[in-house]
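Descriptive analysis of the structure
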Amino acid sequence: VLFRSLDSSLAVSVEDAAVAGDRGATLTFGTVSPGTESVWQDLMCSVQAELRADAENNDDIETVIDEIDKEKADLAFLARSKERAGASAAAPEVRARMEPLTVKFAMSNPLSVQIQLSEIQLVARLTSSENGRVCTSEGAVVIPGKEGERSKTWSFHSSRKAFVMGDFTRTSPTKGDDDEDGDKPWVSPNDDEEGPFFVVDKTNLAVDPGTSTEVKLSICPLVTGDLEIVGVRCKLFNELWVYHPFHVVGPLLQNTRMNRANRARGESYLLKSKIEHDMPSLTVDIVPHGGKGDATVLQGQISSWTLRISNLGTAPASNVTLKTNAPWMNIAQTNRKETRATSHCIGPSGTLMRLPLEKKTAEDGIDNDDYVKSDVISPGQTVEVPVHVRTSGGGRQELYMLFRYELSNGDVVSTALNSSSPSSSKQKWLRKMISVPVYPSLTLSAVLMPSYWKKREHILSIEMTNYRSDRQTSLEINLDKICIASRYYRVQQLPDQLGESDLYPSNAQQQQLYGMPASLLQIGWQERVTMHYLIIPFEDEEEAKYTLSQCHLVGENSNSSGTSLFNESEITDFVCLEHAHERFKTALDAHEKEMARRAAEQEESNQPRHVAQIRREKSSMESEKSGSSHSNNGQTTPGNDTGSQSSSGNGDLVGKSELSYHPTSIMNLCPPEESSSKINVICTWTAFSSGNAEDEVIYGQHHLRQLAVRPQAKSKGCPLTITANHRSEIEHDFTGGPMVSFVSLSVCSQR
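Here we summarise the structure given alongside this text.

Cut-offs applied
- Residues numbered from 1 in each chain as written.
- Predicted model: local features only at pLDDT ≥ 70, side-chain atom pairs only at ≥ 80, totals over all residues.
- Heavy atoms only, no water.
- Helix = DSSP H or I, 4+ residues; strand = E, 2+ residues; numbered from the N terminus.
- Buried < 20%, exposed > 50% of the residue type's maximum accessible area, 1.4 Å probe, protein only.
- Contact = heavy atoms within 4.5 Å.
- Salt bridge = Lys/Arg side-chain N within 4 Å of Asp/Glu carboxyl O.
- Pairing = 2+ DSSP bridges.
- Axes fitted to C-alpha atoms, helices over the stretch in contact; angles between N-to-C directions.
- Phe/Tyr/Trp six-rings, centres within 6.5 Å; stacked < 30°, edge-to-face > 60°.
- Core = buried A, V, L, I, M, F, W, Y, C linked by side-chain atoms within 4.5 Å.
- Expected span 1.5 Å × (residues − 1).
- Patch = residues over 30% accessible without salt bridge, like charges linked within 9 Å, V, L, I, M, F, W, Y side chains within 5 Å.
- Areas by Shrake-Rupley, 256 points an atom, 1.4 Å probe, with all protein chains shown as cover.
- Polar contact = N/O pair within 3.5 Å; in protein donor to acceptor, adjacent residues only side chain to side chain.

On to the overall build of the chain. In terms of regular secondary structure, the chain is built from nine helices and 40 strands. Taken over 751 residues, the chain has a buried fraction of 45%. Considering only intrachain contacts with a sequence separation of at least 6, the fraction spanning at least 24 residues in the chain is 77%.

Dropping the structure here:
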């Protein structure tokens, strides 16, 4: 044996188009990681569920959760069916035409001398689905052909390799209606009009004695049909052709008792593929806007990046959507209405976005989110989508991105997805997970209490502390302004809080050194600043309009407020996304806990439920769903406010046909209900990436959502808000006596 191929190590996969698309030195955001399979499966189920609900024009949280349950149930049923059927249900993998496949296996050298292998290539057989002709490279049969055609090379967008026609490749003759004997000779693909049915790449390798080397070879089908990879061929010392057929052991059959007893094995479809129509193949790179990335990532930092989407396939792609595991990405929009979705979101989760690939139509300068008909990415085309990324949390954060796209049929209109889900062979997924280390930056806390000076006014105290720890020196943070997003209140900064004596000379020198404007308040490492503001309600005769009040921390014009949200829409984008995501996540977690509790109770009883018990449980669930959409004391229950209903100025519910707003819209963040009198606090800040003045400025924001203020409308409900503070996890040995735990109760009056 001159060389040994370990067939047990065989693996077949589609060539990574992302590696092929990375032809230059591209700066990326964070570190690319494979991610966790369970997280990817949850994201895929959520995408399918939200798309089906959106196709029915329904953004209700309960509807999406029901669709998620159906999707998980279908996947579980499919897995059980495959496990029950065993190998009898297996079939060749469906792959796209002109999409390179990579075969990976191990090759060892059992001899005591080095082996020189050249022109290593795959040997395959492909049967065309159009005319039944067979193209194969099996057997050392040489058919003379045109010499000039033998040196022809093929290249594809999804691969950086050069492909050629395999050695000893030949094609079966074309059978006509008058062919009775069928004795026509096989022809060389060089002399045939159709050419070769598949092409391969070649490589050279030197295997040291007693070692094993991993080999990766590629093959690309050029026609539709049935492809089978049968072996590998190479030249030994560039003189002798050597062929090794692959032998893959099939799975054990478990469908019958005889097969289990005899340990019978089924057919292996690892090296077989069914080649169908052309398909798109997208690659996505997240590159910094302006060509320079951030060396340090802080909590609350907002960076401008660009999603560079390229189609390396052979067919156009349409309906490209992006699903993230958290609302950390925002697609900026200008001139957006209050009722429209933020960041082109679909569904109530705030993490599923439709990527704007083409220009949108506009009416009167206002974006109406209507896409043009040609919302596709053609083969070889690259589209750049500018996005904003906001990092939160502490430590190393895992940012998941799941892209879903479909094969364009030429008549795709992206204003609404198809009502029926396309077949799995016409849709593809692209996974990308980035691991980013996030350092502490700023902590923001607020206390709201009634004012003793004037009725209906409140005092808002905001405390900001600098906890930067990304380096040893130059840890200052420049506080820019405080913004209050509300529909019934405006904010005014109390005067004479900061004077010249309050600013340290060192901070002033730092501002002059860096050229910072005088309207920024700089706090050093572990310094704390508390600012006080007056929350003033609008007059009764004023119409309830969304207002974004802005108060610069230092400067002559410290107080400014206006009702024009279009100029400052980007400030509240992440607040709207996180607000919608928290509501959806709360409802989903509560649903999963309830389902787990019911499953545990059924397992403990170890008896099937009675029909009457199932009916009573179903009726109770329906009553809970119907009652959850109504509010206690005029406030909607968290997790069930989906934006499918809204209210007029007098508190009456208005149908979705009359007035509707998306769960990620500004109107859902600041609803028009008079009883929902809450404010959202946003603090914007800047910092330098390091101590040098030439370094790039870091922008960021922290926010506090849904701070409850005294309700504008009187209610007969309880006016008290009671919160408890206690330890979430306690370990105690009850054999030594009862447990004593301290609970701190806070009671706040809303009147």
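There is more to say, and it comes next.
Counted under the stated rule, the structure contains 28 salt bridges. For E119, the salt bridge goes to K202, with nearest N and O atoms at 3.7 Å. Linking E119 in strand β5 (residues 115–128) with K202 in the loop between β10 (198–200) and β11 (203–207), this pair joins segments that are 83 residues apart in sequence. Judged by relative accessible area, which is 23%, E119 ranks as partly exposed. Exposure remark for K202: the relative accessible area of 31% places this residue in the partly exposed category. Linking R598 and E594 is a salt bridge whose minimum nitrogen-to-oxygen distance equals 2.9 Å. One end of the pair, R598, and the other, E594, are both in helix α7 (residues 573–605), four residues apart, so they sit about a helical turn from each other. Taking the relative accessible area as the measure of exposure, R598 reaches 18% and is therefore buried. Its relative accessible area of 26% is what places E594 among the partly exposed residues.

The next subject is the sheet that holds strand β27 (residues 442–450). In any sheet, the strands associate via hydrogen bonds between backbone groups, in a parallel or an antiparallel arrangement. On the basis of which strands lie adjacent, the open sheet formed by four strands has the order β27-β28-β32-β30 and antiparallel pairing. Two strands close off the open sheet at either side, each with one partner strand: β27 and β30 (489–493). The sheet shows a mean angle of 30 degrees between the axes of neighbouring strands, taken without regard to direction. Pairing of strand β28 (residues 458–466) with strand β32 (residues 528–537), which is carried by eight bridges, proceeds in the antiparallel orientation. Looking at the pairing, E463 lines up with T530 of β32.

As a further point, take the packing of aromatic side chains. Counting across every chain of the model gives four aromatic pairs. Ring centres of W40 and Y400 lie 4.9 Å apart, and the angle between their planes is 70 degrees; on these two criteria the pair is classed as edge-to-face. With W40 in helix α2 (residues 37–55) and Y400 in strand β25 (residues 395–407), this pair connects stretches of sequence that are 360 residues apart. Accessibility classification places W40 together with Y400 in one group, the buried group.

Counting residues in each nonpolar core, the largest one holds 32 residues, and the members touching the most others are L307, I309, L322, M329, L355, V387 and M401. Listed by contribution, the elements that provide at least two residues to this core are β16 (282–288), β17 (301–311), β18 (317–324), β24 (382–390), β25 and β26 (427–438). Listed in part, the 31 residues of the second largest apolar core include L117, V200, C234 and F246.

Time to look at the environment of R4. Its place among the elements puts R4 in strand β1 (residues 4–14). For R4, a relative accessible area of 41% translates into the label partly exposed. Taking the C-alpha atoms as reference, R4 lies 7.2 Å from P110; in sequence the two are 106 residues apart. When residues no more than four places from it in sequence are discounted, the contact partners of R4 are A106, M107, S108 and P110.

A few words on α2. The terminal C-alpha atoms of α2 lie 27 Å apart, and with 19 residues this matches the ideal 27 Å at 1.5 Å per residue to within 8%. When we look at burial in α2, the residues that qualify are W40, L43, M44, C45, S46, V47, Q48, A49, E50, L51, A53 and D54. Downstream of α2 by one or two residues, N57 has phi in the positive range, about 60 degrees.

Residue N238 is not a glycine yet carries a positive backbone phi of 60 degrees. The partly exposed category is assigned to N238, whose relative accessible area is 47%. Non-glycine residue Q706 carries a positive phi angle of around 55 degrees. By relative accessible area, which is 18% here, Q706 ends up buried.

Time to look at a nonpolar patch on the surface. A contiguous nonpolar patch, built from L720, I722, V743, L745 and V747 and spanning about 490 Å² of accessible area, is present on the exposed surface. Relative to the assigned elements, L720 resides in strand β39 (residues 720–725). According to the relative accessible area criterion, L720 is partly exposed, its value standing at 39%.

Turning our attention to the pairing of strand β12 (residues 212–221). Sheet analysis places strand β4 (residues 101–108) next to β12, joined by eight bridges and oriented antiparallel. Residue pairing across strands places A106 opposite E214, the latter belonging to β12. Note that β10 and β12 share three bridges and pair antiparallel. Residue pairing across strands places F198 opposite P221, the latter belonging to β12.

Along the chain, L548 turns up in strand β33 (residues 547–552). The class for L548 is buried, based on a relative accessible area of 4%. Spatially, the C-alpha atom of L548 lies 7.8 Å from that of R490, the residues being 58 residues apart in sequence.

With respect to the secondary-structure elements, S310 resides in strand β17. For the pair formed by S310 and S158, sequence separation is 152 residues and the distance between their alpha carbons is 9.9 Å. If we skip the residues at most four places from it in the chain, S310 touches S281, L282, T283, Q381 and T382. At 3.0 Å, the side chain of S310 and the side chain of T382 are in polar contact.

Successive residues of a regular strand alternate their side chains across the two faces of the sheet. Of all the 12 residues making up strand β13 (residues 225–236), 10 are buried; the element is thus mostly covered by neighbouring parts of the structure. As paired strands, β5 and β13 are joined by 10 bridges and run antiparallel to one another. Residue L122 lies in a different strand from β13, and its bridge partner there is V232. Pairing of β13 with strand β15 (residues 272–276) involves four bridges; the strand directions are antiparallel. Bridged to E228 within β15 is K272. Two elements, β13 and strand β14 (residues 240–245), share six bridges in a ladder whose sense is antiparallel.

Honestly, that's just the spatial picture; any functional story needs more than this.
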